[in-house]
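Residue-level structure breakdown
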Amino acid sequence: MLSLRIAVRFLLKSPIQTVLIVAGIAVGIAVQIFVGSLIASLQSFLIDQTLGSSPHLTLTAKAKGEFIDYNQALRIKLKKNAVVKAVVPQRTVSAIFVKGSQSAPLSIKCADATKLDSIYKLKSKLKGGDYSLGDNEIIVGSDFASGQNVRPGDMIKLTLASRAVKELRVSSIVDLGNKQANETVAFAGTGFGRAALGASVNRYSAVEIQLSQVFQSTAIAKNLAGAFPDITITDWQIEQKSLLSGLQAQSSSTFMIQFFVLIAVALGIASTLSISAIQKTRQIGILKALGMTDGRSGTIFLWQGLFLGFLGSLGGLLLGLGLIAIFSVTAGAKPGSFPITPQTTFVIVSVGIGLAVAMLSAILPSRRTARLDPIEVIQSGG
Amino acid sequence: MADRLLQANGITKVYGSLAPTVALNDVTVSLDHGEFVSLVGQSGSGKSTLLNMLGLLDTPTSGEVRLDDLKTNDLGKRARAGLRNRRLGFVFQFHYLLPEFSVLENVLMPTLISGDNKADALSYGHEVLELLGLSGLENKSATELSGGQKQRVAIGRALMNKPALVLADEPTGNLDTTNTDQVFRLFRQINKDLGTAFLIVTHDRRIAQQTDRILEIQDGKLIQDVLSPV
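Residues numbered from 1 in each chain as written. Chains lettered and ligands numbered in written order. Predicted model: local features only at pLDDT ≥ 70, side-chain atom pairs only at ≥ 80, totals over all residues.

This part is about the overall build of chain B. A tally of helices and strands in chain B yields seven helices and 10 strands. Counting only C-alpha atoms and orienting by the principal axes, one finds that chain B spans roughly 50 × 40 × 40 Å. Residue burial in chain B is summarised as follows: out of 230 residues, 47% are buried. Put simply, 69% of the contacts in chain B that link residues at least 6 apart link residues at least 24 apart. (Helix = DSSP H or I, 4+ residues; strand = E, 2+ residues; numbered from the N terminus. Buried ≥ 20, exposed ≤ 12 C-beta atoms within 10 Å, placed from the backbone. Contact = placed C-beta atoms within 7 Å.)

A tally of helices and strands in chain A yields 14 helices and 12 strands. Against the globule reference of 21 Å for 382 residues, chain A gives a C-alpha radius of gyration of 32 Å, more extended than a compact globule. Considering only C-alpha atoms, chain A reaches an extent of 105 × 45 × 30 Å along its principal axes. Buried positions account for 39% of the 382 residues belonging to chain A. For chain A, the proportion of contacts with a sequence separation of at least 24, taken over those separated by at least 6, is 81%. (Rg over C-alpha atoms; globule rule 2.2 N^0.38 Å.)

Attention now goes to unusual backbone geometry. A negative phi holds for most residues other than glycine; trans holds for most peptide bonds. Its identity is not glycine, yet K121(A) carries a phi of approximately 50°, on the positive side. Of note, K121(A) is situated in the loop between α4 (113–120) and β5 (126–129). By the C-beta count within 10 Å, which is 15 here, K121(A) ends up partly exposed. Of note, D26(B) is a non-glycine position whose phi angle comes to about 50°, a positive value. Structurally, D26(B) is set in strand β2 (residues 21–32). Residue class for D26(B) comes out partly exposed when judged on the 14 C-beta atoms lying within 10 Å of it.

Attention now moves to the interface of chain B and chain A. Facing 22 residues of chain B, the contacting portion of chain A comprises 19 residues. Here the side of chain B that touches chain A gets six residues from one element, more than from any other, and that element is helix α2 (residues 77–87) of chain B. Per-class residue counts for the side of chain B that touches chain A are 13 nonpolar, four polar and five charged. (Nonpolar A, V, L, I, M, F, W, Y, C, P; charged D, E, K, R; others polar.)

Quick look at the environment of A370(A) now. With respect to the helices, strands and loops of the structure, A370(A) is situated in helix α13 (residues 344–371). The residues contacting A370(A), other than those within four sequence positions of it, are D294(A), G295(A), S297(A) and G298(A).

Turning to the domain arrangement of chain A, a few remarks are in order. Interfaces are often described in size by the accessible area the parts lose on coming together. Partitioning chain A into structural domains gives domain 1 (2–49 + 244–380) and domain 2 (86–204). Using only C-alpha atoms to locate each centre, domain 1 of chain A and domain 2 of chain A end up separated by 58 Å. (Domains from an automatic or database assignment.)

The next point concerns the nonpolar core. With 75 residues, the main nonpolar core has L39(B), L54(B), L167(B) and L199(B) as its most contacted residues. A per-element tally of this core places helix α3 (residues 103–114) of chain B first, with seven residues. Residues in contact with L54(B), not counting those within four places in the same chain, are L6(B), A8(B), V65(B), L167(B) and L199(B). If you look at the next biggest cluster of nonpolar residues, it comprises 48 residues, including V88(A), V170(A), L176(A) and A221(A). (Core = buried A, V, L, I, M, F, W, Y, C linked by C-beta atoms within 7 Å.)

Attention now moves to the packing of helix α2 (residues 15–51) of chain A against helix α12 (residues 294–329) of chain A. All names here are of chain A. Where α2 contacts α12, the axes come no closer than 7 Å and their chain directions differ by 40°. As judged from the angle between their axes, α2 and α12 are oblique. Two packed elements cross with a definite hand, and for α2 against α12 that hand is right-handed. Taken together, the residues of α12 that come into contact with α2 (itself represented by I21, V22, I25, A26, G28, I29, A30, I33, F34 and S37) are L308, G309, L311, G312, S313, G315, G316, L317, L319, G320, L323 and I324. (Axes fitted to C-alpha atoms, helices over the stretch in contact; angles between N-to-C directions. Parallel < 35°, antiparallel > 145°, perpendicular 65-115°, else oblique. Left-handed = near helix turned anticlockwise from the far one by under 90°.)

So, on to helix α7 (residues 190–197) of chain A. An α-helix turns once per 3.6 residues; consequently, residues spaced three or four apart project the same way. Residue and element names in this part refer to chain A. For α7, the set of buried residues is F192, G193, A196 and L197. Viewed along the axis of α7, the buried residues span an arc of 110°, placing them on a single side of the element. Residues of α7 that are buried make contact with β3 (84–99), β4 (102–110), β7 (155–160), β8 (165–174) and β9 (185–188). Once α7 finishes, G198 follows within two positions and takes phi at roughly 65°, a positive value. (Arc of directions from axis to C-beta.)

Whether parallel or antiparallel, the strands of a sheet pair through hydrogen bonds between backbone atoms. All names here are of chain B. An order of β6-β7-β8-β3-β9-β10 is seen for the six strands of this open sheet, with the pairing classed as mixed. Each having just a single partner strand, β6 (88–91) and β10 (221–227) make up the two edges of the open sheet. Here the average twist between neighbouring strands, direction ignored, is 15°. Where strand β3 (residues 36–40) lies against strand β9 (residues 213–218), four bridges are found, and the strand directions are parallel. Within β9, the position partnered with V37 by the bridge is R213. (Pairing = 2+ DSSP bridges.)

Residue and element names in this part refer to chain B. Strand order in the open sheet formed by four strands is β2-β1-β4-β5, and the pairing between neighbours is antiparallel. Every other strand in the sheet has two partners, leaving β2 and β5 (70–71) as the edge strands with one partner each. As defined by bridge partners, strand β4 (residues 62–67) adjoins β5 across two bridges and the pair is classed as antiparallel. Note that in β5 the partner of L67 across the bridge is L70.

Glancing now at the pairing of strand β6 (residues 137–141) of chain A. Residues and elements named next belong to chain A. In terms of burial, β6 is a largely internal element, five of the five residues being buried. What you see with β6 is no split at all: E137, I139 and G141 on one side and I138 and V140 on the other are buried throughout. As defined by bridge partners, β6 adjoins β9 across three bridges and the pair is classed as antiparallel. Within β9, the position partnered with I138 by the bridge is A188.

Moving on: the environment of V107(B). All names here are of chain B. Relative to the helices and strands, V107 is located in helix α3. Taking the C-alpha atoms as reference, V107 lies 16 Å from I190; in sequence the two are 83 residues apart. V107 has contacts with G125, V128, L129, V153, G156, R157 and M160, leaving out every residue within four places of it along the chain.

Our focus in this paragraph is the pairing of strand β7 (residues 165–169) of chain B. On a regular strand, each side chain points to the face opposite its neighbour's, so the side chains alternate between the two faces of the sheet. All names here are of chain B. Of all five residues that make up β7, five are buried, and the element is covered over most of its length. Burial of the side chains of β7 extends over both faces: L165, L167 and D169 are buried on one face and V166 and A168 on the other. Examined bridge by bridge, β6 and β7 share four bridges and lie parallel to one another. Across the sheet, L88 pairs through a bridge with L165, a residue of β7. As judged from the five bridges shared by β7 and strand β8 (residues 197–202), these two strands associate in the parallel manner. If you follow L167 over to β8, its bridge partner there is L199.

All right, on to the packing of α2(A) against helix α10 (residues 241–279) of chain A then. All names here are of chain A. The contact between α2 and α10 brings their axes to 10 Å, and the two run at 175°. It follows that α2 is roughly antiparallel to α10 by the angle criterion. Residues of the contact of α2 with α10, tallied by class, amount to 13 nonpolar, 12 polar and no charged.

Structure below.
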């Protein structure tokens, strides 16, 4: 491997130039890894914050006020879908809380306690009391509790739409992270909902679905709509267009940053290798005069590209992971911030891109070297 | 004909097309195995152009160059590179050593290019360095040597693949009188000991007269081909 040996010697002969170009690639790749992981983690954090405790798809009956039939076919269809993370069939009971001259409306989501927790993460939001939803128990929001002076263990009276009055025990208080929801939303068990609405076994106000991959909601909604034409599907991507466009804008701006960083790295490598090829013209010319073929001399700079790309990508990988670690123990550890998780696929792709860019950047000087006529060097003298 | 190493028949080299310059004009010359020949002429007379044609570094506009009776004009660049590597050795006015490599590696370079047996090459490389009085300098960088030493390393490199012919273009042009005499004596010794043919381009008549045969070129034409009076 004479061309590899020559490539290494050329690089070692100009150590500062070599170190600078490796550092250039390393910084480019490190920025790729850091910015990519930062944006991906930020996006995942934002999605978790905004969509992590809410349904991504809500199935209701076509006719307003009617119940949806949560039949066997629909259950199987949802169960078979690997992206479906949680399914909560629930009945929504409207009620008015009355205490003396004061009153407050409540929208009570009635479902199995475990299932409700799988979407709304209620256990982690407890502000008081025990997480329990027996037949006569209710969980209320923190603003409702403070406004109406209600504590865990208190009995509250609710007037339902049917004018029936029900008395329920407050098992716990939760903070849903939104003032309006904390004032008006409450949770109760399956039995209460069924009795309050007089609905039969498979009849629900809505079937709420949470997905492991939120951006697949539209595709799944389309698939469900085809199979069950008599249900209405509410998709978060349609309901929360501003959030979606914000996330998309973030993704495209990240892509642009990464694209221009790559261009800068590629131009840096290509120009340095081209200068190196010009600097080594005399040596290449003599090697050719001594019998080295065009193809073999051309591979010298391809080896250099590969070598620089490998070292630069390796350095960039370490630097990028180092930056992520530093961010995690400084800015990322502050309250309200989020942790950066290195994105494995992204890291592999970035390193691969580093190598590929270095190799592609070496093509031009390599072709120039292959075309060099030794006579040009010999005639030009020392 | 059995001893014929190189034969150039009516070679002409024209540079440029809009304002053509004739660098060589219908030159016919031959070299036998083991010959020790000089090529003289004034600056710009076409000496180096002829040497480049005979060394397969350049191709003539017309005429043919035969090496070992093989017509080289029609050969591809790869085949010509192979012939240069195995059959010819070059010594230039400027030593053109590779500063990235040691003295020994520079000498071994033609063998590294041909990929021949490394152990044999290494042993022969040391022999060549000893012959050239460069023993002990093997691992030094080529940049650390004096001008005379550098040119001797370049000679060593030219001899490495045991070529049939060494083409030397003003090999002593950058050397003082002592080093010039030393290099010339080396050429003579190698010619006698190894039977290697030499074609030495020089403008120094004193050197030319010490060779066995003198070729003279003027305005691209071979005007003299005589045996040396010495």
